[in-house]
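Now for the letters of each chain:
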Amino acid sequence: MDGETQRDEAERDRSSGPDGQTRRGWSRSARLCAVAASLLSVPLLVSVFVVQPFLIPSASMTPTLEVGDRILVNKLAYRIGNSPGRGDVVVFDGRGSFRDEEESDGNPVTGLLREAGAAAGLVRPSETDYVKRVVGVGGDRVRCCDERGRIEVNGVPLDEGYLHDGDDPSAVPFDIEVPQGRLWVMGDHRSDSSDSRDHLGDAGGGTVPVERVIGRADRIAWPMERWGAVRGRGGGAHE
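Thresholds, definitions, all that
Residues numbered from 1 in each chain as written. Predicted model: local features only at pLDDT ≥ 70, side-chain atom pairs only at ≥ 80, totals over all residues. Heavy atoms only, no water. Helix = DSSP H or I, 4+ residues; strand = E, 2+ residues; numbered from the N terminus. Buried < 20%, exposed > 50% of the residue type's maximum accessible area, 1.4 Å probe, protein only. Contact = heavy atoms within 4.5 Å. Phe/Tyr/Trp six-rings, centres within 6.5 Å; stacked < 30°, edge-to-face > 60°. Salt bridge = Lys/Arg side-chain N within 4 Å of Asp/Glu carboxyl O. pLDDT = per-residue confidence, 0-100. Disulfide = S-S within 2.5 Å. Pairing = 2+ DSSP bridges.

Scanning the protein for helices and strands turns up 3 helices and 13 strands. For the protein, the residues scored as buried account for 41% of the 239 residues in total. Counting contacts in the protein only where the partners sit at least 6 residues apart, residues at least 24 apart contribute 69% of the total.

Counted by the stated rule, this structure contains 4 aromatic pairs. Judged by centre distance (5.3 Å) and plane angle (85 degrees), the rings of Phe92 and Phe98 are edge-to-face. Take Phe92: its relative accessible area is 1%, and that puts it in the buried class. Residues Phe98 and Tyr130 carry aromatic rings whose centres are separated by 5.2 Å and whose planes lie at 65 degrees to one another, so their mutual orientation is edge-to-face. Of this pair, Phe98 sits in the loop between strand 3 (89-93) and helix 3 (108-119) while Tyr130 sits in strand 4 (residues 129-136); the two residues are 32 residues apart in sequence, bridging distant segments of the chain. Of the two residues examined, Phe98 and Tyr130, each falls in the buried class.

Before going further, it helps to examine the pattern of salt bridges. The full count for this structure, using the stated rule, is 11 salt bridges. When the shortest N-O distance is used, the salt bridge between Asp93 and Arg95 registers 2.6 Å. Accessibility expressed as a relative area gives 26% for Arg95, which makes it partly exposed. Where Arg216 meets Asp218, a salt bridge forms, and the shortest distance between an N and an O atom there is 2.6 Å. With relative accessibility at 22%, the residue Asp218 sits in the partly exposed group. Here the salt bridges do not stand alone but share partners, grouping Asp93, Arg95 and Arg212 into one network.

Scored by pLDDT, the protein has a mean of 79; 67% of the residues are at 70 or more. Across residues 35-49, confidence stays below pLDDT 50; counting only partners more than four residues off in sequence or on other chains, it has 15 contacts. Note that pLDDT drops below 50 for residues 109-113; the model gives that stretch 1 contact with residues more than four away or on any other chain.

A few words on the environment of Gly68. Its location among the elements puts Gly68 in the loop between strand 1 (51-55) and strand 2 (70-74). Placed 14 residues apart in sequence, Gly68 and Phe54 show a C-alpha to C-alpha distance of 9.6 Å. Excluding residues that lie within four positions of it along the chain, Gly68 makes contacts with Leu55, Ile56 and Trp222.

Another point: the state of the cysteines. As used in these notes, a disulfide is a covalent bond between sulfur atoms, one from each of two cysteines. Using the criterion set out here, one finds 1 disulfide in the structure. For Cys144, the disulfide goes to Cys145, at an S-S distance of 1.9 Å. As the torsion about the S-S bond is roughly -65 degrees, the Cys144-Cys145 disulfide counts as left-handed. Since its relative accessible area comes to 8%, Cys144 is described here as buried.

For strand 4, a buried count of 8 out of 8 residues is recorded, marking the element as mostly surrounded by other parts of the structure. The pairing of strand 3 with strand 4 spans 5 bridges and is antiparallel. Directly across from Phe92, in strand 4, lies its bridge partner Tyr130. As defined by bridge partners, strand 4 adjoins strand 9 (residues 182-186) across 3 bridges and the pair is classed as antiparallel. Following the sheet pairing, Gly136 is matched in strand 9 by Trp184.

For the rest of this paragraph, the subject is the environment of Pro179. With respect to the element layout, Pro179 can be found in the loop between strand 8 (174-177) and strand 9. Classification of Pro179 as partly exposed rests on a relative accessible area of 33%. Separated by 25 residues in the primary sequence, Pro179 and Gly204 have C-alpha atoms spaced 7.9 Å apart. Among residues more than four places away in sequence, those in contact with Pro179 are Gly138, Gly139 and Thr207.

Below, the structure is given as structure tokens:
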């Protein structure tokens, strides 16, 4: 028996022994873990860069969005030369406009769990994220209200067919010129929405920076009976 044959037999003996079986077991486990990690990373990457599920936590956007709806937020909608338009339903980070800039959870473990849950549409992505409808964009003068109780944009009254039944366009009077690069946003359930009107005295006058917009709410994904497109740009203007 030559030296090479002896080495081959010794290697087979080591592989067939308890240590060899353990190594093979660990190898299989490592491969399974790698496959599982890659499968889990796909929805997380999609959520970060393309489409993010979002759980609706309040009634501020009814009847367009109901509590418990899972919506799909298009994160590419405003990244290729497009900007939010009047009537769009958007999700945005309210820090610096609706919340203090430095406000955060501060717990990295909680943050990771929240990100994983948000990617599956099980939890609200962040306590500082909001979903509202764009009523005015940069350069618009938004005023409430005309003699018939309607909101005006640049002197033209809006026909807001998406409003919650029985709600007035606003019980709070306001008259603001939206700065360039910012948005005036409101909930469809005007009597149950904390929105731009509640921050008129803050820096920015209640408006939200465009760069804080996470994406456009495009579809209701769950529950199945509510599957469909989110009603956007539905409020027309009367000449």
